Amino acid sequence: MAYVGTHKERVLELLLPLVSDDTLSMELCSLAALSVGFTFVGSCNGDIATTIVQALMERAEADANQLDDKFTRFMLLGLGLLFVGGQDKSDVIIETLKIIQHPCSKQAQVIVEMCSFAGTSNVLNVQGMLHYCTEVVDKENGGDDIYQAYAVMGIALTAMGEDVGAEMSLRTFSNLMHCGEPTVRRSVPLALALLSASNPQVGLIDTLSKYSHDSDIGVAMNAILAMGFVGAGTNNARLAQMLRQLAVYYHREPDALFIVRVAQGLLHMGKGTIGINPFYSDRTIMNKNAITGLLATLLAFSDAKSFILSDSHWMLFWLVTAMQPRFMMTLDEKLEMLPVTVRVGQAVDVVGQAGKPRTISGFQTHLSPVRLGYGDRAELGTEEYLSYASVLEGLVMLTKNPGYEDESKMEL
């Protein structure tokens, strides 16, 4: 986590030998591969990808049972993270993975494909993921349907790039919840968590509240966690009330109660000053480091009983890479705090409109620093200062406007 997204070669020299060493346990190799994926996220590094695929092939040939280990999914995720946002650059690796004679081959293909099209809203990719979700798996003859759980998350990961696609995918998830296999149903709340991180929409909260009382305890626990993800760092009063009620409802279920406490912690993250939404710069750019943390944590919850609820609860710390401040601070050119008047309101799409239309609606005037919610936009209240940045988010550096005249001090 310390070197996430840095692409440092010295980290690679330490970790890559562990990935290709077939004398080590699958747990150690998988976590080494995941660490490499964290460090080189989105790099599309062919040498690292080839090493991980080669390690999978050698283990499949030596003893296929090794790839049945529960930690194998993290080696596959390490491979997928290399291609986050790479789109067609992963085609060669996906074709190579088809050679592996083991059910993990299908899982790897789905993970690499969904990471490649993360945040792109590619319709064809969403259709491909839906095909995976509807396939009939023959479990009696050794079939494994865990890849369908990853495909459900893949739909959310692809569609999260823009609001229309995200809204359309909600109906898809509703259909999967009604008609899907148990594995698919359990991963639908996780997909909703990924789709709407730190964005507590009323309809989505009601849906997750309904799922949190499902007869399948796996669905219920994932829905409770999703409530935490959706409300992360928002202090949403409605969600807080729902989670308090769930704590009473599940007081005899220690596992479910633990997840409720985790969700409550996420909801009040940083006392409302931190969020885990992976998009920034007016929701136009995707933070690959944040996607890394969200995906790794949700993948651990695809089998919560084996990881988070067993002896691997430390996997929740992966979420740290997605945590970002939700406030906007203004600084002068000496990087010292500079309180100025700012207007904060709901963002309005003004692309293609003539003249200088207002970019925000229903604004309130505050003195910086100010906290920005999902969909909020800030603009300077006066023309006394000019901003170096076109989007006012996070740390904003200001400079004095040389042409500004204070109207209150102007002489008649």
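Values in this document were obtained by computation on a predicted structure and should not be read as measured data.

## Things to note about helix H7 (residues 123–134)
End to end, H7 covers 17 Å across 12 residues, agreeing with the expected 16 Å (1.5 Å per residue, within 8%). Among the residues making up H7, those that are buried are Asn125, Val126, Met129, Tyr132 and Cys133. The buried residues of H7 all sit within an arc of 115° when viewed along its axis, so they share a single face. Of the exposed residues in H7, those oriented more than 90 degrees away from the buried face are Val123, Leu124, His131 and Thr134. For H7, the secondary structure elements touched by its buried residues are helix H6 (104–116), helix H8 (146–159), helix H9 (163–179) and helix H10 (182–195). One side-chain oxygen of the residue at the start of H7 lies 3.0 Å from the amide nitrogen of leucine 124, identifying that residue as asparagine 122.

## Here we look at the pattern of salt bridges
For the structure shown, the criterion picks out eight salt bridges. Taking the shortest distance from any N to any O, the salt bridge between aspartate 303 and arginine 73 comes out at 3.9 Å. A residue pair is termed long-range when its members are at least 10 positions apart, and aspartate 303 in the loop between helix H15 (288–300) and strand S4 (324–325) and arginine 73 in helix H4 (residues 72–81) qualify at 230 residues. With a relative accessible area of 24%, aspartate 303 lands in the partly exposed category. The salt bridge partner of glutamate 135 is lysine 106, with a shortest N-O separation of 3.0 Å.

## Regarding the layout of surface pockets
Volume-wise, the largest pocket comes out at about 640 Å³. Forming the boundary of the largest pocket are 23 residues, of which Arg343, Lys356, Thr359, Glu379 and Leu380 lie nearest the centre. Within the residue set of the lining of the largest pocket, elements represented by two or more residues are strand S9 (376–380) and strand S10 (385–387). In terms of residue count, S9 provides more of the lining of the largest pocket than any other element does, four residues in total. Partitioning the lining of the largest pocket into residue classes produces nine nonpolar, seven polar and seven charged.

## Brief notes about the nonpolar core
Phe74, Leu77, Leu79, Leu97, Phe173, Phe229 and Leu295 are the most contacted members of the largest nonpolar core, which has 126 residues in total. The dominant element in this core, judged by the number of residues it contributes, is H8, at 11 residues. Apart from the residues within four sequence positions on either side, phenylalanine 74 is in contact with Ser30, Leu34, Ala296, Leu299, Ala300, Phe307, Met315 and Trp318.

## A look at the packing of aromatic side chains
Describing an aromatic ring pair means giving the distance of the ring centres and the angle of the ring planes. Inspection of the entire model under this criterion finds eight aromatic pairs. Taking the centre distance of 6.2 Å and the plane angle of 50° together, the rings of phenylalanine 71 and phenylalanine 74 count as tilted. Phenylalanine 74 shares its class with phenylalanine 71; the two are buried. Relative to tyrosine 147, the ring of tyrosine 132 has its centre 6.2 Å away and its plane inclined at 85°; by these criteria the two rings are edge-to-face. Pair noted here: tyrosine 132 is in helix H7 and tyrosine 147 is in helix H8, with a separation of 15 residues, a long-range link. One exposure class covers both tyrosine 132 and tyrosine 147, and it is buried. Three or more aromatic residues link up through ring pairs in this structure, and these residues are Phe38, Phe71, Phe74, Phe307, Trp314 and Trp318. Geometry around phenylalanine 307 places lysine 70 over its ring, the cationic atom sitting 5.4 Å from the centre. Positioned above the aromatic ring of tyrosine 147, the side-chain terminus of lysine 106 is 4.6 Å from the ring centre.

## Let's talk about unusual backbone geometry
Between serine 368 and proline 369 the backbone carries a cis peptide bond, its omega angle lying at 5°. Its place among the elements puts proline 369 in the loop between strand S7 (360–367) and strand S8 (370–371). For cysteine 44, which is not a glycine, the phi torsion comes out positive at approximately 55°. Here the phi dihedral of leucine 335 falls at roughly 60°; this positive angle occurs in a residue that is not glycine. Leucine 335 sits in the exposed class, given a relative accessible area of 55%.

## Comments concerning the packing of helix H3 (residues 46–62) against H4
Remark: H3 packs on H4, axes separated minimally by 9 Å, with the N-to-C direction vectors making an angle of 155°. Between H3 and H4, the crossing angle belongs to the class labelled roughly antiparallel. Relative to H4, the crossing made by H3 is left-handed. Together, Ala49, Ile52, Val53 and Leu56 of H3 and Met75, Leu76, Gly78 and Leu79 of H4 make up the contact between the two elements. Here the contact of H3 with H4 is built from residues that sort into seven nonpolar, one polar and no charged.

## Digging into the sheet that holds S9
Pairing between sheet strands relies on hydrogen bonds along the backbone, with the strands arranged either parallel or antiparallel. The strand order across the open sheet formed by three strands is S7-S6-S9, and the pairing between neighbours is antiparallel. Of all strands in the sheet, those with a lone pairing partner are S7 and S9, marking the two edges. Put simply, the sheet's adjacent strands are angled 30° from each other on average, direction ignored.

## Here we look at the state of the cysteines
Under the definition given, this model contains zero disulfides. Lacking any disulfide linkage, cysteine 29 is separated from the closest cysteine sulfur, that of cysteine 104, by 13 Å.

Rules and cut-offs
- Residues numbered from 1 in each chain as written.
- Predicted model: local features only at pLDDT ≥ 70, side-chain atom pairs only at ≥ 80, totals over all residues.
- Heavy atoms only, no water.
- Helix = DSSP H or I, 4+ residues; strand = E, 2+ residues; numbered from the N terminus.
- Expected span 1.5 Å × (residues − 1).
- Buried < 20%, exposed > 50% of the residue type's maximum accessible area, 1.4 Å probe, protein only.
- Arc of directions from axis to C-beta.
- Contact = heavy atoms within 4.5 Å.
- Polar contact = N/O pair within 3.5 Å; in protein donor to acceptor, adjacent residues only side chain to side chain.
- Salt bridge = Lys/Arg side-chain N within 4 Å of Asp/Glu carboxyl O.
- 1 Å grid on protein atoms, 1.4 Å probe; cavity = no way out; pocket = protein on both sides within 12 Å on 5 of 7 lines; lining within 4 Å.
- Points joined across faces, edges and corners; volume = space filled by probe spheres on them.
- Nonpolar A, V, L, I, M, F, W, Y, C, P; charged D, E, K, R; others polar.
- Core = buried A, V, L, I, M, F, W, Y, C linked by side-chain atoms within 4.5 Å.
- Phe/Tyr/Trp six-rings, centres within 6.5 Å; stacked < 30°, edge-to-face > 60°.
- Lys NZ or Arg CZ within 6 Å of the ring centre and 35° of its normal.
- Axes fitted to C-alpha atoms, helices over the stretch in contact; angles between N-to-C directions.
- Parallel < 35°, antiparallel > 145°, perpendicular 65-115°, else oblique.
- Left-handed = near helix turned anticlockwise from the far one by under 90°.
- Pairing = 2+ DSSP bridges.
- Disulfide = S-S within 2.5 Å.

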